[in-house]
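# Examination of the molecular architecture
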Amino acid sequence: MADPSGLTEGFEQNRVRLRAVAYRMLGSLAEADDAVQEAWLRLSRSDTDEIKSLDAWLTTVVVRVCLNMLRSRSARREDFMGVRVPDPVVSLTSGTNPEDAALLADSVGLALQVVLDTLAPAERLAFVLHDMFDLPFDEIAPMVGRSPATARQLASRARRRVRGNEIPAPDPDIAQQREVVDAFFAAARRGELGALVAVLDPNVVLRADEGPARPDASVVVHGATAVAARAIMFERPSARVLPALVNGAAGVVVTVAGKPVSVMGFIVSRGRIVQIDVMGDPERLARLDLAIPG
């Protein structure tokens, strides 16, 4: 393990998995990349002769870095003021590249990421590592500084909260999801309130995160009539709506003058839209580095 080339190769073999762990932990692509980079820096400075399992060592480092980031968010508290939509994984092509596919394994949609953001840091860690990556509690316990029994309780508590939010299962056919999303935008352009309400579940939830620069524009709207009225009110004739996969489901990237102004993820269940997540924070949009065609 002391051979630099072997060290680099070993890290690269783990990098995609580590990024997937960090994304689920943080809900932020930029912070996930920072956590993985920090693991590499620590590895390059460590006495690797004492590392028995590189996979386990790197996972532990990334998890502890993520845990510190989450605790820092809790201490600052501003991350929990207003509305926060996690970073979306966006593909403007018909498919998803292998690295993004790893991020989206286990159906990690935006709805689940929103719920994960409500968990305490230790709960989130235990749930993500056990329920999503099958790590045993004996390995999770030292990462959170608790006993295996306590780590199990943390994961169980998180699991109850996730289930309690009743995240709807999206319709499996992406093409059918797309038809519903297209109908939503067509009705919005025509200003047809009734047609909009028809494609929305009566209990639909719209969550819009416009970032710290526009806190008043960040809102949560409940109900088909209220969401439909907002869609008509904020329809922009100059906007271009580009079909995209957003966390593996039908979504769009909205652009004005060739620049992205929002990413919208949809959950379509039983032929109706049950949740819309809008990320319009200009700073975070810029970090997504979206390749806008045309």
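Values in this document were obtained by computation on a predicted structure and should not be read as measured data. (Residues numbered from 1 in each chain as written. Predicted model: local features only at pLDDT ≥ 70, side-chain atom pairs only at ≥ 80, totals over all residues. Heavy atoms only, no water.)

### What to know about the overall build of the protein chain
Along the protein chain, the regular secondary structure elements total 12 helices and seven strands. Buried residues in the protein chain amount to 48% of all 294 residues. Across the protein chain, contacts joining residues at least 24 apart in sequence account for 65% of those joining residues at least 6 apart. Here the protein chain displays about 14,300 Å² of accessible surface, and carbon together with sulfur accounts for 52% of that area. (Helix = DSSP H or I, 4+ residues; strand = E, 2+ residues; numbered from the N terminus. Buried < 20%, exposed > 50% of the residue type's maximum accessible area, 1.4 Å probe, protein only. Contact = heavy atoms within 4.5 Å. Areas by Shrake-Rupley, 256 points an atom, 1.4 Å probe, with all protein chains shown as cover.)

### Some thoughts on the sheet that holds strand β4 (residues 239-246)
Spatially, the seven strands line up as an open sheet ordered β1-β4-β5-β6-β7-β2-β3, and their pairing is mixed. The sheet is open, and its two borders are formed by β1 (90-91) and β3 (219-222), each paired with just one other strand. Relative to strand β5 (residues 249-256), β4 is paired through eight bridges, and the arrangement is antiparallel. Note on β5: the bridge partner recorded for Val 241 is Val 254. With respect to the sheet, helix α9 (residues 174-190) is in contact with β2 (200-209), β4, β5, β6 (259-269) and β7 (272-279), its orientation differing from that of β5 by roughly 35°. (Pairing = 2+ DSSP bridges. Axes fitted to C-alpha atoms, helices over the stretch in contact; angles between N-to-C directions.)

### Examining helix α6 (residues 121-132)
With 12 residues, α6 extends 16 Å between its outermost C-alpha atoms, agreeing within 8% with the 16 Å of an ideal straight helix rising 1.5 Å per residue. Where burial is concerned, most of α6 is hidden: 10 out of the 12 residues are buried. Of the residues making up α6, those classed as buried are Pro 121, Ala 122, Glu 123, Arg 124, Leu 125, Ala 126, Phe 127, Val 128, Leu 129 and Met 132. (Expected span 1.5 Å × (residues − 1).)

### Focus on the side chain of Thr 255
Within the secondary structure layout, Thr 255 lies in strand β5. For Thr 255, the contacting residues outside a window of four places in its chain are Ser 238, Ala 239, Arg 240, Leu 242, Pro 260, Val 261 and Ile 292.

### So, helix α11 (residues 224-233)
Taken residue by residue, α11 has Ala 224, Val 227, Ala 228 and Ala 231 as its buried positions. Seen end-on, α11 carries its buried residues on one side only, within an arc spanning 100°. Exposed residues lying more than 90 degrees from the buried face of α11 are Thr 225 and Met 233. Contact partners of the buried residues in α11: α9, α10 (193-199), β2, β3 and β7. (Arc of directions from axis to C-beta.)

### Overview of the pattern of salt bridges
Counted according to the given criterion, the structure contains 14 salt bridges. Where Asp 33 meets Arg 19, a salt bridge forms, and the shortest distance between an N and an O atom there is 2.6 Å. Residue Asp 33 is located in helix α2 (residues 29-44), and its partner Arg 19 is located in helix α1 (residues 4-26); the two are separated by 14 residues in the primary sequence. Note on Asp 33: relative accessible area 36%, which makes it partly exposed. (Salt bridge = Lys/Arg side-chain N within 4 Å of Asp/Glu carboxyl O.)

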